[in-house]
Amino acid sequence: MEPSVPSVLNDVHSQLNPTRVQGVERPGCVEDVARLVKEAAKRGESISVGGRRHAMGGQQFGEGTLHVDTGGLIGVRAFDDCHGLLTIGAGEVWPEVIAASHRAQERIRPGQPARWGIRQKPTGADDISIGGCISANIHGRGLLMRPFGDDIENLTRVDARGETAP
Ligand SMILES: Cc1cc2nc3c(=O)[nH]c(=O)nc-3n(C[C@H](O)[C@H](O)[C@H](O)COP(=O)(O)OP(=O)(O)OC[C@H]3O[C@@H](n4cnc5c(N)ncnc54)[C@H](O)[C@@H]3O)c2cc1C
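Parameters at a glance
Residues numbered from 1 in each chain as written. Predicted model: local features only at pLDDT ≥ 70, side-chain atom pairs only at ≥ 80, totals over all residues. Heavy atoms only, no water. Helix = DSSP H or I, 4+ residues; strand = E, 2+ residues; numbered from the N terminus. Near = heavy atom within 4 Å. Polar contact = N/O pair within 3.5 Å; in protein donor to acceptor, adjacent residues only side chain to side chain. Areas by Shrake-Rupley, 256 points an atom, 1.4 Å probe, with all protein chains shown as cover. Nonpolar A, V, L, I, M, F, W, Y, C, P; charged D, E, K, R; others polar. Domains from an automatic or database assignment. Contact = heavy atoms within 4.5 Å. Buried area = accessible area lost by both parts, 1.4 Å probe. Salt bridge = Lys/Arg side-chain N within 4 Å of Asp/Glu carboxyl O. Buried < 20%, exposed > 50% of the residue type's maximum accessible area, 1.4 Å probe, protein only. Core = buried A, V, L, I, M, F, W, Y, C linked by side-chain atoms within 4.5 Å.

Engineer: A description of unusual backbone geometry should follow, citing residues and the corresponding values.
Structural biologist: Phi angles above zero are rare outside glycine, and Gln15 is one such case at about 55°. Position of Gln15 relative to the elements: it lies in the loop between β1 (7–9) and β2 (19–21). Positive phi, close to 45°, is recorded for Asn137, a residue that is not glycine.

Right under this line is the structure:
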């Protein structure tokens, strides 16, 4: 990865949160995230994490932090047709999640209607990351459904020491 340089980040919508971070890193896999966290912890530095930067409260940024941009953690990596489960990178966005699910089902049952679909997503925007949705425990318009946490079966988590746990 290229060495990161200080830059000013802001959210997409309100633009009320200009924040100078000491650098931006775009890891491409969970191991890269773990390494970044471990190295920052060793240096006594804080990190901030951002997906598509739609949240308007500035919670994805921190002055002087090393900013981890999840835009490289993309891909719908697996599809379990028996249980309707997708394995998705934290930085992936809804249009690609939906398209990948349709592609996988078309490969399995060519020409037939898809039997699996998503239950809910944020309603006012599409370019929102799965990690951002888990973090905010988003909800859609299904008022009788529990929020997004109810749709998640498993999470790969990197903790503050840089340890990875399923
Ligand atoms: C136009 C619009 C419409 C919306 N509609 C809805 C709606 O219908 N329902 C609803 O519930 N919400 C809605 N939201 C809110 C939106 O879903 C959340 O703000 C969501 O967190 C934004 O995701 P993001 O990828 O832009 O994340 P960011 O704004 O980049 O980050 C949001 C938070 O998530 C954290 N985060 C992001 N990725 C990770 C990660 N991989 N690991 C750990 N933490 C992470 C960040 O640190 C930050 O605290 C809407 C927002 C907008 C702007």
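Still more ground to cover, so stick around.
Engineer: Can you tell me about the site of the ligand, naming the residues and giving the values?
Structural biologist: Neighbouring residues of the ligand: 24 residues in total, closest Val49, Gly51, His54, Ser129 and His139. Contacts to the ligand include His139, whose backbone N or O atom sits 2.8 Å from a nitrogen atom. Here the ligand has 970 Å² of accessible area as a free molecule, and 78% of this is covered by the chains. Sorting the residues of the shell around the ligand by element identifies β4 (47–50) and α3 (130–136) as the ones contributing at least two each. A per-element tally of the shell around the ligand places α3 first, with 4 residues. Tallied by class, residues from the shell around the ligand come to 8 nonpolar, 14 polar and 2 charged. There are two domains that each give the shell around the ligand at least three residues, and those are domain 1 (7–72) and domain 2 (76–152).

Engineer: Hey, could you go over the domain arrangement of the protein chain for me, with residue numbers and the actual values?
Structural biologist: Where interface size is given, it is often the accessible area lost as the parts come together that is meant. Per the domain assignment, the segments of the protein chain are domain 1 (7–72) and domain 2 (76–152). The centre of domain 1, based on its C-alpha atoms, is set 25 Å off from the matching centre of domain 2. The interface of domain 1 with domain 2 comprises 4 residues on the first partner and 6 residues on the second. Regarding the contact of domain 1 and domain 2, the summed buried area is about 450 Å², with carbon and sulfur atoms giving 52% of it. For domain 1, the biggest contributors to the area lost against domain 2 are Arg52, His54 and Thr70; these three give 81% of the whole. The tally of links between domain 1 and domain 2 comes to 1 salt bridge. Connecting domain 1 to domain 2 are 2 residue pairs in polar contact (both at pLDDT 80 or more). Residue classes in the side of domain 1 that touches domain 2 are distributed as no nonpolar, 3 polar and 1 charged.

Engineer: Explain the environment of Gly124 to me, and be specific about the residues and the numbers.
Structural biologist: Looking at the secondary structure, you find Gly124 in the loop between α2 (94–108) and α3. Judged by its relative accessible area of 77%, Gly124 falls in the exposed class. As for Gly124 and Gly140, which are separated by 16 residues in sequence, their C-alpha atoms are 9.4 Å apart.

Engineer: Describe in detail the nonpolar core, supporting the description with residues and values.
Structural biologist: Burial of nonpolar side chains together is a common tendency in soluble globular proteins. Within the largest apolar cluster, 8 residues are counted, these being Trp94, Val97, Ala125, Ile128, Ile130, Cys133, Ile138 and Phe148. Setting aside residues up to four positions removed in sequence, Trp94 forms contacts with Ile118, Gln120, Lys121, Pro122, Asp126, Ile128, Ile130, Cys133 and Phe148.

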